[in-house]
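What follows is each chain in one-letter form.
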Amino acid sequence: MNPFEIALVTAEALSKNPEVKEAVAVKPGYVNFSLKGDVYKRELQKLITDSAYFNSDYGAGKKINLEFVSANPVGPLNIVSGRAASYGSALTSLLKRAGYDVTSEFYVNDYGRQMDLFGISVKERYFELCEEGYKAQIPEGGYLGGYVTDLASKLREEKGDALYDEYRGKEFDLKKNFFRAWGLERMVEAQKKTLESFGVVFDRWFYESELHEAGEVKEALSIVEKNGHIREEDGARWFKTTKFGDDKDRVVIKQDGEYTYFASDIAYMRNKLEKRGAETIINIMGPDHHGYIKRLEAIIQALGRGLEGLEVLILQQVNLLEGGEKVKMSKRAGKIVTLDGLMEEVGKDAARFFFVMRNYNSHLDFDISLAKEQSDKNPVYYVQYAYARVCNIFGHASEKGAETGPEKNFAAADFSELNEEEAGLVTSVLDIGDVMTEAAVKRSPSLLVQALNGLVSSFHSFYNMHRVVGGGREAERLFILSALKVALEECFEILGITKRERM
RNA sequence: GUGCCCGUAGCUCAGUAGGAUAGAGCAACAGCCUUCUAAGCUGUGGGUCGGGGGUUCGAAUCCCUCCGGGCACGCCA
């Protein structure tokens, strides 16, 4: 049987279904079919009344730990984190709707060398303020950003010179000192605040130090050692990651007896899997971490699990341009382009939208001057405008005394003959649920953005061709718009975009 | 050198669990407001899907190879 013959048989069978209006086979092997109007009407009704209409049980309650952003607490969040936050947050929502049991998580690297250097940097800037002529000695790899000086003056406001008197001339404990602890707290606070105003909230903030304090790093290493994956060389202890496809073994305990960051990661992954029962771990990381994938794969296997339990998504680089010229984004260089700054320039909604417009594996050029300059032509306005228009129609309908409640309009609506624009709008609305599931499965919120654009485009076309209030099919159209409004709200919520009732 | 990502319209990019005539926005051009918001709509022009080979009834999508761009390859985190 060739494809067309199969299509013929299928079309014939479909035609017998009482909900099918028409089904025709098309070469080379497609079946085009349409449903009866009442089917659409019934589905729209479900969408309006059931808040879980777009959800699916695809994930069957599987436990996923989704980690993203996880920026070191040594500075304000930058634009790379912004992309991660935007993407990760949308993906979290999508996975939850697709029936997964998701925990979104931010890992705070508050234990290692970076944190030590940050503590020193804060101390030096503080000393600079306390002592006339003191020249801050920021060590190699320390933090030169102006925010460190700001922190220092805030600290001086709080404490005066008390800390200067306490710490001056004494040996400085890199791990246990006020500056480090205080700076950490301030930075995490600041990052949380930034994320909150960006509309991103994590289920859990997990501190690396928790693992050390609970002895889990030691514990995890002994398990890996018991499984035969540790060796000693040059006074250091190595995890034999080459057994799992890495190109070289990795140090877990340095010559000086300190654990490496990688050692914490073993404990961290074990914590997610064993202590908290995650069945799948998803890590969203920057492109500079792709060399880390093999190491993570080694960990999960050394813990006796399969590779299918780990998924590493490399979110590609963001190139920030200003007037076509590249802006360098190194945290350590001190010349920082922050997420707060971006929101101020282009607005939260535009930033959130831009960051998920393209898929995670593509580089992203973000021209800040362009986004700013063309802000009224920004694609996010296109979708927000549709929502405002819908709201406006309902407002107008009320003024004219029309029935706006979906229940009554459902009863009055005749869906037997939808025109082209009505039908297009209805199918676009109903399609959103499938798109959400697909976007979750493919880890591509950009698919939802695309569908949302299509949906909104259907609406704008419809709007320009047909009147709703006093257009002759008022109940039908208001009923459709009730459903559209719900669909838009759901999409906006996932993408973190504000519903604007007026524009 | 090795690994990963990318190469699609003038520009920025969607689309890659193989399927119909490859899409959108911006830019260009021509129209649409006495009527629910013109931040909108309608139409026109614009393509060797980086090149070449292969698999298939069918390839932007899968395989091989080459070219071009980006990033990463620490007892850093």
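Our structure's up above, just so we're on the same page.
Attention in this report is confined to the structure presented alongside it. If you're wondering where the values come from, they're calculated on a predicted model, not measured in any experiment.

### Let's talk about the overall build of chain A
- Helix and strand counts for chain A stand at 19 helices and 13 strands.
- Reported as C-alpha extents along the three principal axes, the dimensions of chain A are approximately 85 × 55 × 40 Å.
- A burial count over chain A gives 50% of its 503 residues as buried.
- Pairs at least 24 residues apart make up 74% of the contacts formed inside chain A by residues separated by at least 6 positions.
- Between the averaged position of the 66 positive side-chain charges in chain A and that of its 78 negative side-chain charges there is a distance of 1 Å.

### Considering the pairing of strand β3 (residues 63-67)
- Burial analysis of β3 places four of its five residues in the buried class, which makes it a mostly covered element.
- A crossover connection joins β3 to the parallel strand β4 (residues 101-108) through helix α3 (residues 79-97); in handedness this β-α-β unit is right-handed.
- Two elements, β3 and strand β9 (residues 280-285), share four bridges in a ladder whose sense is parallel. Residue isoleucine 64 lies in a different strand from β9, and its bridge partner there is threonine 280.

### Regarding the pairing of strand β1 (residues 20-26)
- Looking at chain direction, β1 and strand β2 (residues 30-35) are connected through six bridges and run antiparallel. Bridging from a neighbouring strand, valine 24 pairs with asparagine 32 of β2.
- Hairpin connection between β1 and β2: a loop of three residues separates the two successive antiparallel strands.

### Structural notes on helix α12 (residues 339-346)
- Along α12, the residues that are buried comprise Leu339, Leu342, Met343 and Val346. Along the axis of α12, the buried residues cluster in a sector spanning 100°; they form a single face.
- At the C-terminal side of α12, glycine 347 shows a positive phi close to 90°.

### Regarding the layout of surface pockets
- Space inside the second largest pocket adds up to approximately 400 Å³.
- Around the second largest pocket, the lining is made up of 17 residues, and of these Arg389, Asn392, Ile393, His396 and Tyr463 lie nearest the centre.
- By residue class, the composition of the lining of the second largest pocket is eight nonpolar, four polar and five charged.

### Points about the sheet that holds strand β5 (residues 204-207)
- Across the sheet, which stays open at both edges, the five strands sit in the order β5-β4-β3-β9-β10 with parallel pairing between neighbours. Unpaired on one side and paired on the other, β5 and β10 (310-314) mark the two borders of the sheet. Each neighbouring strand pair of the sheet contributes to a mean axis angle of 25°, computed without reference to strand direction.
- Pairing analysis gives five bridges linking β3 to β4, with the strands arranged parallel. Each residue of the ladder has a partner; that of asparagine 65, found in β4, is threonine 103.
- Sitting on the sheet, helix α7 (residues 178-197) is in contact with β4 and β5, with an inclination near 155° to β5.

### As for the environment of leucine 211
- Mapped onto the secondary structure, leucine 211 falls in helix α8 (residues 208-213).
- Along the primary structure leucine 211 and serine 264 are separated by 53 residues, whereas in three dimensions their C-alpha atoms are 7.1 Å apart.
- Dropping the residues within four chain positions of it, leucine 211 is found in contact with Tyr107, Phe206, Glu216, Val217, Ser264, Ala267, Tyr268 and Asn271.

### A look at the protein's contact with RNA strand B
- Tyr30, His290, Asn361, Tyr385 and Asn392 are the nearest of the 53 residues found near RNA strand B.
- Of all atoms in RNA strand B that approach within 4 Å of the protein, 66% are sugar or phosphate atoms.
- For RNA strand B, a base nitrogen lies 3.5 Å from a polar atom in the side chain of histidine 289.
- A distance of 3.4 Å separates a sugar or linking oxygen of RNA strand B from a polar side-chain atom of glutamine 316.
- When residues in the surface near RNA strand B are grouped by element, the largest group, eight residues, is from helix α15 (residues 379-399).
- In terms of residue class, the surface near RNA strand B is built from 17 nonpolar, 21 polar and 15 charged.

### Topic: the pattern of salt bridges
- For the structure on display, the rule yields 32 salt bridges.
- Put simply, Glu19, Arg42, Glu43 and Lys46 are held in one network by salt bridges that share partners.

Thresholds, definitions, all that
Residues numbered from 1 in each chain as written. Chains lettered and ligands numbered in written order. Predicted model: local features only at pLDDT ≥ 70, side-chain atom pairs only at ≥ 80, totals over all residues. Heavy atoms only, no water. Helix = DSSP H or I, 4+ residues; strand = E, 2+ residues; numbered from the N terminus. Buried < 20%, exposed > 50% of the residue type's maximum accessible area, 1.4 Å probe, protein only. Contact = heavy atoms within 4.5 Å. Lys, Arg positive; Asp, Glu negative; His and termini not counted. Charge placed at Lys NZ, Arg CZ, Asp CG, Glu CD. Right-handed = clockwise from strand over helix to strand, strands pointing away. Pairing = 2+ DSSP bridges. Arc of directions from axis to C-beta. 1 Å grid on protein atoms, 1.4 Å probe; cavity = no way out; pocket = protein on both sides within 12 Å on 5 of 7 lines; lining within 4 Å. Points joined across faces, edges and corners; volume = space filled by probe spheres on them. Nonpolar A, V, L, I, M, F, W, Y, C, P; charged D, E, K, R; others polar. Axes fitted to C-alpha atoms, helices over the stretch in contact; angles between N-to-C directions. Near = heavy atom within 4 Å. Polar contact = N/O pair within 3.5 Å; in protein donor to acceptor, adjacent residues only side chain to side chain. Salt bridge = Lys/Arg side-chain N within 4 Å of Asp/Glu carboxyl O.

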